[in-house]
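# Analysis of the macromolecular model
One letter stands for each residue in the lines below.
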Amino acid sequence: MHPMLNTAIKAARRAGALIVRALPDIDRLQVETKGRHDFVSEVDRRAEELIIETLKGAYPDHGILAEESGLAAGNEWEWVIDPLDGTTNFLHGFPQFAVSLALRRRGRLEQAVVFDPLRDELFTATRGEGAQLNDRRIRVSRVADLDSALLGTGFPFRQSDSVRQWVALFERVAQSTSGIRRAGSAALDLAYVACGRLDGFWETGLKPWDIAGGSLLVREAGGLASDLFTEGDPLESGNILAGNPRVYRLLRTAFAEVPGVGPI
Ligand code: IPD
Ligand code: CA
Ligand code: CA
């Protein structure tokens, strides 16, 4: 295993253990509001500190882009960190959240870790070497039509224009799939596409740390992950469409038929 992936796993497991230890006391946690419907707890911050301490201990020159502490410039390597993806779930004791880490070199994703500490599920990927769940190789599903597909999505609960757009996209596919889930952690949604539990996923208005790890997982598992509207880099726009190649293309075609839809 690549030493940088090994370090990322160590960091993700440490953060995951901290998050799980805090779970029995969620009612007593200090929670701040970053924006409307956007919360951060002391657990998010402590998990992020632990991750950065672990990564910097091994690679002091690497740059960091982390949700809670922002950007710290470094050399050509940069860690993209979401210490707790699914904070709202966590704060409600709803058991669907993860630690997400990715490593980029000059902007290209090289390593990914998404760790679900409650199920002890560790999703990992290295560019060009495939994706694993707890050390077993994973592949996207073979589902080839929307009627048989189980999809994931996320609601853009912070901007009302995006909600209208989301509703239009949802309406286009709602009655032609097996089901649509909104589980509340984009990183895990993408990990689930990578291992075939979901056949496709879309969401808009995300940040690089929500989707960096998950995008590499999907691609290394044989799927596609790109900008929802342009097929460009979803980390730049925050609007992502992912899936096994067949479902990805069917969704792209279906969404292209929705009038007036595009980047907001
Ligand atoms: C959130 C989760 C959620 C998505 C939100 C993200 P956070 O991340 O990924 O599924 O719908 O847009 O912000 O805030 O819990 O790290
Ligand atoms: Ca997130
Ligand atoms: Ca987060």
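Residues numbered from 1 in each chain as written. Chains lettered and ligands numbered in written order. Predicted model: local features only at pLDDT ≥ 70, side-chain atom pairs only at ≥ 80, totals over all residues. Heavy atoms only, no water.

As assigned here, the protein comprises domain 1 (3-137) and domain 2 (146-256). Computed from C-alpha atoms alone, the centre-to-centre distance between domain 1 and domain 2 is 21 Å. Facing the 39 residues of domain 1 at the interface are 25 residues of domain 2. Summed over both partners, the interface of domain 1 with domain 2 buries about 2400 Å², with 62% contributed by carbon and sulfur atoms. (Domains from an automatic or database assignment. Contact = heavy atoms within 4.5 Å. Buried area = accessible area lost by both parts, 1.4 Å probe.)

Working reference: metal with six octahedral donors, ideal angles 90 or 180 degrees; metal with four tetrahedral donors, ideal angle 109.5 degrees. Asp82 (OD), Asp85 (OD) and Asp210 (OD) make up the full set of protein donors to the calcium ion (ligand 2), lying at 2.1 to 2.2 Å. Of note, the calcium ion (ligand 2) draws all its donor residues from one chain, in the sequence arrangement D-x2-D-x124-D. A distance of 3.7 Å spans the gap from the calcium ion (ligand 2) to the calcium ion (ligand 3), which Asp82 bridges by coordinating each metal. With Asp85 in strand E5 (residues 77-85) and Asp210 in helix H6 (residues 208-220), this pair connects stretches of sequence that are 125 residues apart. What makes Asp85 buried here is its relative accessible area of 6%. (Donors = N, O, S within 2.8 Å, 3.2 Å for Na, K, Ca; no water. Helix = DSSP H or I, 4+ residues; strand = E, 2+ residues; numbered from the N terminus. Buried < 20%, exposed > 50% of the residue type's maximum accessible area, 1.4 Å probe, protein only.)

Here we take up the coordination of the calcium ion (ligand 3). Of the protein atoms, only Glu67 (OE), Asp82 (OD) and Leu84 (O) coordinate the calcium ion (ligand 3), at distances of 2.2 to 2.4 Å. Read in sequence order, the donor residues coordinating the calcium ion (ligand 3) give the pattern E-x14-D-x1-L. You can call Leu84 buried: its relative accessible area is 2%.

The subject of this paragraph is the environment of Asp189. Mapping Asp189 onto the fold places it in helix H5 (residues 186-194). Beyond its immediate stretch of four places on either side in the chain, Asp189 contacts Thr153, Ala183, Leu198 and Phe201.

Turning to the sheet that holds strand E14 (residues 224-227), a few remarks are in order. Spatial ordering of the open sheet is given by E12-E11-E13-E15-E14, a layout of five strands whose pairing is mixed. Taken across any chain shown, the strands that pair with only one partner, and hence form the sheet edges, are strand E12 (179-181) and E14. Sheet twist, expressed as the average angle between the axes of neighbouring strands with direction ignored, equals 15 degrees. The sheet contact formed by E14 and strand E15 (residues 240-243) spans four bridges and is antiparallel. Counterpart to Ser226 in the pairing with E15 is Leu241. (Pairing = 2+ DSSP bridges. Axes fitted to C-alpha atoms, helices over the stretch in contact; angles between N-to-C directions.)

Glancing now at the nonpolar core. By size, the foremost hydrophobic cluster in this structure holds 36 residues, and its most contacted members are Val114, Phe123, Ile138, Leu190, Leu217, Val218 and Ile240. Put simply, the parts of the chain that give this core at least two residues each are strand E6 (98-105), strand E7 (108-116), strand E8 (121-126), strand E9 (131-133), H5, H6 and E15. Among the elements that take part in this core, H5 stands out by supplying eight residues, more than any other. Residue-level mapping places this core at the junction of two domains, with at least three residues from each of domain 1 (3-137) and domain 2 (146-256). Setting aside chain neighbours within four positions, we find Leu190 in contact with Phe201, Ile211, Gly214, Ser215, Val218, Ile240 and Ala242. (Core = buried A, V, L, I, M, F, W, Y, C linked by side-chain atoms within 4.5 Å.)

In this section: the sheet that holds strand E3 (residues 63-66). Taken together, eight strands build an open sheet; the order of strands is E4-E3-E5-E6-E7-E8-E9-E10 and the sheet is mixed. The sheet is open, and its two edges are formed by strand E4 (70-72) and strand E10 (136-138), each paired on a single side. Geometrically, the sheet is characterised by an average inter-axis angle of 20 degrees between neighbouring strands, direction not taken into account. When E3 meets E5, the two strands line up parallel, connected through four bridges. Paired with Gly63 across the bridge in E5 is Glu78. Those strands touched by helix H1 (residues 3-22) are E5, E6, E7 and E8, and its axis lies near 30 degrees from that of E7. In the packing of H6 onto the sheet, contacts are made with E3, E5, E6, E7, E8, E9 and E10, and the angle to E7 comes to roughly 100 degrees.

The next point concerns the site of ligand 1. Inspection of the region around ligand 1 gives 15 residues, with Asp85, Gly86, Thr87, Arg182 and Glu203 positioned closest. Contact distances for ligand 1 include 3.3 Å between an oxygen atom and a side-chain N or O atom of Asp82. For ligand 1, whose accessible area on its own is 370 Å², the fraction buried by protein is 93%. Among the elements that line the shell around ligand 1, the one with the most residues is E5, at three residues. Looking at the shell around ligand 1 residue by residue, the class counts come to four nonpolar, four polar and seven charged. (Near = heavy atom within 4 Å. Polar contact = N/O pair within 3.5 Å; in protein donor to acceptor, adjacent residues only side chain to side chain. Areas by Shrake-Rupley, 256 points an atom, 1.4 Å probe, with all protein chains shown as cover. Nonpolar A, V, L, I, M, F, W, Y, C, P; charged D, E, K, R; others polar.)

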